[in-house]
Amino acid sequence: MIIICKPEVTEQSPEVTQILRAVSAFDGVSARVHTERGQTRSVLEIHLIGNTAAVPTDAFDDLPGVQNVVRVSDRYRLIGRHRGQIQSTGFEYNGLTFDQASFHVFAGLCAVDTREHTELMMRALAECGVTTTRMGAYKPRTSPYDFQGHGRECLPYVFELAGRYGIRVIAMEVTHEQQIHEVRRALEQSGNATGVMLQIGTRNAQNFELLKVVGQQTEFPVLYKRGMGITLEESFNACEYIASEGNRRIVFCLRGVKTNLGDPHRNFVDVAHVPVVKRLTRLPVCFDPSHSIGRKELAPDGLTDIAHVSAMAVIAGANVLLVDFHPAPEKALCDGPQALLAAELERYLDDVMTVREAYEKRRKAAV
Ligand code: PEP
Ligand code: MN
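Keep in mind that this is a model prediction, so the values were computed, not measured.

Caption draft 1: Representation of the overall build of the protein. Scanning the protein for helices and strands turns up eleven helices and 15 strands. The C-alpha radius of gyration of the protein comes to 21 Å, within 12% of the 21 Å expected for a compact globule of 367 residues. By its C-alpha atoms, the protein is 65 × 45 × 35 Å across when sized along the principal axes. Looking at the protein residue by residue over its 367 residues, the buried ones come to 55%. For the protein, restricting intrachain contacts to residue pairs at least 6 apart in sequence, the fraction spanning at least 24 positions comes to 72%. Put simply, the protein shows about 16000 Å² of open surface, and 51% of that area lies on carbon and sulfur atoms. Of the side chains in the protein, 41 bear a positive and 44 a negative charge, and the two mean positions are spaced by 2 Å.

This is the structure:
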């Protein structure tokens, strides 16, 4: 059960004390107070946890400061959008806003391989005015004999170059708690030259211990990728582990699901879930066209399948695109076949922005 407070109520308001006193009358029920920060205003919510089935909503309906009381059957209560919750969860990080209205393209290397490629990529981004990128340092690979990423060795030059080329946020996958400490240390040593969004890869989508760890720290936001072989609902529940541990700065990323029915694509593209995630959760939604499609192939109209699904995600309202680029894909140590050429970045962005404008037009026409 969630008690949504009136706009003027804050954590310090006497109404909150009164509501908490009313909650304490019910055995086995506890309350967690938290502020939901939206685009234009913040809303205080009091979440009742435990045996709430026996608690009537009208015990709170008429208390001062209460806007409405929502019974949540959904298990992903923090990230979920429940009846009466119109605000989307948004956050600011390193000068950028992430919410269900914003739009960013994280274009970059699937895996950092050389300093030279990293610099060429960052320069291409800077030339296009892009301040968000992806840089894989820790790579979970199907085979133990494949390149596993340079790990902490590459972090000093990645962060230094990011600072030099004006990159504000880097999406970087972590697979273990230790790597978060390595990222933090290297960032500090770079004089906090940039910011990092910790990426949880699809292979760790239900690694609950890792999810708890990224949830317990609040320094870095988290880009959570849906599990490739579980339902959307199961991914939401897993993602809730991050929020329930205290970190609410989450972006939810779609990246396709594994089934032969998606052939010849690497995964079956789940772009139709973009509006679903926006409706069922309050999180900004990311789409990864590169890992969905898995190969750079041209359609007869001259556009790649990757450009086509990027457009599909954007026309459906995606807030972030996470896309693989490389200055020399034939030399890439990971996922070269799906990387777009760094030299193609400008054209890709033009295409995406054409679609984003069309989406904005559709959205305005709908209200
Ligand atoms: C990635 O983005 O580098 C990656 C490995 O993606 P996923 O976890 O979606 O396979
Ligand atoms: Mn990859």
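Caption draft 2: Broad picture of helix α7 (residues 232-244). For α7, which comprises 13 residues, the first-to-last C-alpha distance of 18 Å matches the rise-based estimate of 18 Å (1.5 Å per residue) to within 8%. Those residues of α7 not exposed but buried are Leu-232, Ser-235, Phe-236, Asn-237, Ala-238, Cys-239, Glu-240, Ile-242 and Ala-243. The inward-facing, buried residues of α7 abut α6 (208-216), β11 (222-225), β12 (250-254) and α8 (274-280).

Caption draft 3: Broad picture of the coordination of the manganese ion (ligand 2). In this structure, Cys-110 (SG), His-291 (NE2) and Asp-335 (OD) serve as the protein donors to the manganese ion (ligand 2), at separations of 1.9 to 2.4 Å. Mapping the donors of the manganese ion (ligand 2) onto the primary sequence gives the spacing C-x180-H-x43-D. Pair noted here: Cys-110 is in the loop between β7 (104-108) and α3 (115-127) and Asp-335 is in the loop between β14 (320-326) and β15 (340-341), with a separation of 225 residues, a long-range link. Owing to a relative accessible area of 5%, Cys-110 belongs among the buried residues under this scheme.

Caption draft 4: Quick peek at the environment of Lys-139. Inspection of the secondary structure puts Lys-139 in the loop between β8 (132-134) and α4 (155-164). Under the relative-accessibility criterion, Lys-139 is labelled buried at 9%. For the pair formed by Lys-139 and Glu-173, sequence separation is 34 residues and the distance between their alpha carbons is 7.4 Å. With residues up to four places along the chain from it excluded, the contact list for Lys-139 reads Cys-110, Ala-111, Arg-134, Phe-147, Gln-148, Gly-149 and Cys-334. Within the local environment of Lys-139, its side chain forms a polar contact with the backbone oxygen of Cys-110, the two atoms lying 3.1 Å apart.

Caption draft 5: How the structure looks around the packing of α3 against α4. Put simply, α3 and α4 touch, their axes get as near as 10 Å, and they point 25 degrees apart. In this view, α3 runs roughly parallel relative to α4, as classed from their interaxial angle. Of the two elements, α3 crosses α4, and the hand of that crossing is right-handed. Here Arg-115, Thr-118, Glu-119 and Met-122 of α3 lie close against α4, whose contacting residues are Tyr-157, Val-158, Glu-160, Leu-161, Ala-162 and Arg-164. A breakdown of the residues in the contact of α3 with α4 according to their chemical character gives five nonpolar, one polar and four charged.

Caption draft 6: Molecular detail of the nonpolar core. By size, the foremost hydrophobic cluster in this structure holds 90 residues, and its most contacted members are Val-158, Phe-159, Met-172 and Tyr-224. Not counting chain neighbours up to four residues away, the residues in contact with Met-172 comprise Met-135, Ala-137, Leu-155, Val-158, Phe-159, Val-183, Val-196, Met-197, Leu-198 and Gln-199. Among the nonpolar cores identified, the runner-up in size contains 16 residues, and Met-1, Ile-19, Val-29 and Leu-48 belong to it.

Caption draft 7: Just the pattern of salt bridges, in detail. Per the stated rule, a full pass over the model turns up 17 salt bridges. Between Arg-152 and Glu-182 there is a salt bridge whose closest N-O contact spans 3.4 Å. With Arg-152 in the loop between β8 and α4 and Glu-182 in helix α5 (residues 177-189), this pair connects stretches of sequence that are 30 residues apart. Judged by relative accessible area, which is 10%, Glu-182 ranks as buried. One salt-bridge network, held together by shared partners, links Arg-115, Glu-119, Arg-123, Glu-160 and Arg-164.

Caption draft 8: Structural view of the site of ligand 1. As a structural note, the neighbourhood of ligand 1 is formed by Arg-134, Lys-139, Glu-173, Gln-199, Gly-201, Thr-202, Arg-203, Lys-225, Arg-255, Asp-288 and His-291. Here Arg-134 contributes a side-chain N or O atom positioned 2.7 Å from an oxygen atom of ligand 1. The contact in question runs from an oxygen atom of ligand 1 to an N or O atom on the side chain of Lys-225, over 2.7 Å. When grouped by side-chain class, the residues that make up the shell around ligand 1 number no nonpolar, four polar and seven charged.

Caption draft 9: Geometry of α4. Every buried residue of α4 is accounted for by Leu-155, Tyr-157, Val-158, Phe-159, Leu-161 and Ala-162. Its buried side turned inward, α4 meets α3, β9 (169-173), α5 and β10 (195-200).

Caption draft 10: Seen up close, the domain arrangement of the protein. Segmentation of the protein into domains returns domain 1 (2-72) and domain 2 (92-366). Once you take the C-alpha centre of each, domain 1 and domain 2 turn out to be 35 Å apart. With five residues of domain 1 in contact, the opposing surface of domain 2 contributes five residues. Overall, the association of domain 1 and domain 2 removes approximately 380 Å² of surface from exposure, summing both partners, and the carbon and sulfur fraction of that is 29%. Linking domain 1 with domain 2 are one salt bridge. Glu-45 is the salt-bridge partner of Arg-282, the closest N and O atoms lying 3.1 Å from each other. Viewed at the interface, domain 2 and domain 1 are joined by two residue pairs in polar contact (both at pLDDT 80 or more). With three residues, the top contributor of residues to the side of domain 1 that touches domain 2 is strand β2 (residues 29-37). Among the residues forming the side of domain 1 that touches domain 2, the class breakdown is no nonpolar, two polar and three charged.

The rules we used
- Residues numbered from 1 in each chain as written.
- Chains lettered and ligands numbered in written order.
- Predicted model: local features only at pLDDT ≥ 70, side-chain atom pairs only at ≥ 80, totals over all residues.
- Heavy atoms only, no water.
- Helix = DSSP H or I, 4+ residues; strand = E, 2+ residues; numbered from the N terminus.
- Rg over C-alpha atoms; globule rule 2.2 N^0.38 Å.
- Buried < 20%, exposed > 50% of the residue type's maximum accessible area, 1.4 Å probe, protein only.
- Contact = heavy atoms within 4.5 Å.
- Areas by Shrake-Rupley, 256 points an atom, 1.4 Å probe, with all protein chains shown as cover.
- Lys, Arg positive; Asp, Glu negative; His and termini not counted.
- Charge placed at Lys NZ, Arg CZ, Asp CG, Glu CD.
- Expected span 1.5 Å × (residues − 1).
- Donors = N, O, S within 2.8 Å, 3.2 Å for Na, K, Ca; no water.
- Polar contact = N/O pair within 3.5 Å; in protein donor to acceptor, adjacent residues only side chain to side chain.
- Axes fitted to C-alpha atoms, helices over the stretch in contact; angles between N-to-C directions.
- Parallel < 35°, antiparallel > 145°, perpendicular 65-115°, else oblique.
- Left-handed = near helix turned anticlockwise from the far one by under 90°.
- Nonpolar A, V, L, I, M, F, W, Y, C, P; charged D, E, K, R; others polar.
- Core = buried A, V, L, I, M, F, W, Y, C linked by side-chain atoms within 4.5 Å.
- Salt bridge = Lys/Arg side-chain N within 4 Å of Asp/Glu carboxyl O.
- Near = heavy atom within 4 Å.
- Domains from an automatic or database assignment.
- Buried area = accessible area lost by both parts, 1.4 Å probe.

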